[in-house]
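Here is what each chain is made of, one letter per residue.
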Amino acid sequence: QVPLVESGGGLVQAGGSLRLSCAASGRPFSSYAMGWFRQAPGKEREFVAAVAWNGSPYYTDSVKGRFTISRDNAVYTVYLQMDSLKPEDTAGYYCAADLAPYRTAQAMSIGRLGSWGQGTQVTVSS
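Model, not experiment: these values are computed from the prediction.

(A) Representation of the overall build of the protein chain within the structure. In terms of regular secondary structure, the protein chain is built from zero helices and ten strands. Its helices and strands in sequence order give the protein chain the pattern β-β-β-β-β-β-β-β-β-β, from N to C terminus. On C-alpha atoms alone, the protein chain measures out to a radius of gyration of 13 Å, which is about the 14 Å that the 2.2 N^0.38 rule sets for 126 residues. Principal-axis analysis of the C-alpha atoms places the extent of the protein chain at approximately 40 × 25 × 25 Å. Counting the 126 residues in the protein chain, one finds 44% classified as buried. Taking contacts inside the protein chain between residues at least 6 apart in sequence as the whole, the part at least 24 apart equals 60%. When the accessible surface of the protein chain is split by element, carbon and sulfur atoms take 49% of a total near 6400 Å². The averaged location of the 9 negative side-chain charges in the protein chain is 4 Å from the averaged location of its 11 positive side-chain charges.

(B) Layout of the sheet that holds strand β3 (residues 18-24). As summarised here, the arrangement of the four strands in space is β1-β3-β8-β7, forming an open sheet in which the pairing is antiparallel. The outermost strands of the open sheet, each flanked by one partner alone, are β1 (4-7) and β7 (67-72). Between one strand and the next, the sheet's axes are offset by a mean angle of 15 degrees, whatever the strand orientation. Inspection of the sheet shows β7 paired to strand β8 (residues 77-82) by six bridges, in the antiparallel sense. Residue pairing in the sheet places Arg-71 in a bridge with Val-78 of β8.

(C) Structural detail: the side chain of Ser-21. Relative to the helices and strands, Ser-21 is located in strand β3. In this structure Ser-21 touches Val-5, Glu-6, Ser-7, Trp-36, Thr-77, Val-78 and Tyr-79, once residues within four positions along its chain are discounted.

(D) Seen up close, the pairing of strand β5 (residues 46-51). With five of six residues buried, β5 lies mostly within the body of the structure. For strand β4 (residues 32-39) and β5, the ladder comprises five bridges, and the chain directions are antiparallel. Bridge pairing links Trp-36 to Ala-49 in β5. Counting the residues between successive antiparallel strands, the hairpin from β4 to β5 contains six residues, one of them, Gly-42, with a positive phi of roughly 80 degrees. As defined by bridge partners, β5 adjoins strand β6 (residues 57-59) across three bridges and the pair is classed as antiparallel. Residue Ala-49 lies in a different strand from β6, and its bridge partner there is Tyr-59. The turn joining β5 and β6, which pair antiparallel and follow one another in sequence, is formed by five residues; a positive phi near 90 degrees is taken by Gly-55.

(E) Fine view of the state of the cysteines. Counted according to the given criterion, the structure contains one disulfide. At a sulfur-sulfur separation of 2.0 Å, the disulfide partner of Cys-22 is Cys-95. Handedness of the Cys-22-Cys-95 disulfide follows from its S-S torsion of about -80 degrees: it is left-handed. Of this pair, Cys-22 sits in strand β3 while Cys-95 sits in strand β9 (residues 91-101), and the two are 73 residues apart along the sequence. For Cys-22, a relative accessible area of 0% puts it in the buried group. Given the relative accessible area of 0%, Cys-95 is considered buried.

(F) The arrangement of the pattern of salt bridges in detail. In total, this model carries five salt bridges according to the counting rule given. Between Glu-46 and Arg-38 there is a salt bridge; the shortest N-O distance is 2.8 Å. For Glu-46, a relative accessible area of 36% corresponds to the partly exposed category. Among the ionic pairs, Lys-64 bridges to Asp-61, the shortest N-O distance being 3.0 Å.

Parameters and conventions
In this numbering scheme, every chain counts its residues from 1 along its sequence in written order. At least 70 in pLDDT is required for a residue's local features to be given in this predicted model, at least 80 for side-chain atom pairs to be given and counted, and no such filter applies to totals for whole chains, interfaces and linings, which use all residues. Where side-chain values are given, they derive from all heavy atoms of the structure, hydrogens and water being excluded. Per the convention used, a helix needs a DSSP run of H or I reaching at least four residues, while a strand needs a run of E reaching at least two, with both numbered from the N terminus. The globule rule used here is 2.2 Å times the number of residues to the 0.38 power, and the radius of gyration it is set against is calculated over C-alpha atoms. Buried, partly exposed and exposed residues are distinguished by accessible area as a fraction of the type maximum, computed with a 1.4 Å probe on protein chains only: under 20%, between the cut-offs, and over 50%, respectively. Note on contacts: a residue pair qualifies if any of its non-hydrogen atoms lie within 4.5 Å across the two residues. Under the convention used here, a 1.4 Å probe and the Shrake-Rupley method define accessible areas, while residue burial counts only the protein chains that appear. Counted as positive: Lys and Arg. Counted as negative: Asp and Glu, with His and the chain ends omitted from the count. To locate a charge, take atom NZ for lysine, CZ for arginine, CG for aspartate or CD for glutamate. When DSSP finds at least two bridges between two strands, those strands are taken to pair. Every axis corresponds to a line fitted to the C-alpha atoms, with the helix fit spanning only the stretch in contact, and the corresponding angles, defined between N-to-C directions, vary from 0 to 180 degrees. Sulfur atoms of two cysteines make up a disulfide when they are within 2.5 Å. Between Lys or Arg on one side and Asp or Glu on the other, a salt bridge is scored when a side-chain nitrogen of the former is within 4 Å of a carboxyl oxygen of the latter.

Next comes the structure, spelled out in structure tokens:
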């Protein structure tokens, strides 16, 4: 088990911004892809964004141009900058680590993953 702790969620109006953080420990952090998923009430968890070990990102179509994923290996943290938020973005957001090192960010959008955090709530009002 690799502890992952999310933070930064909150309540914002449509068009606003939030930055989510995920602090990781227990793995060779710099060699693993990291990603963000979200789950709204009554819906399945869906992929949002991921960043590979080399910094290459991958996004789901609905957030392209609005969200930016990044990582700071010096402090073992991955971020999700969320701009131009929409009510449709309302969900619990969860951080995840990949199963193995040196995989692509896109690989995190399908298949079995590794460790998960407990989530942080993002609510966007209209």
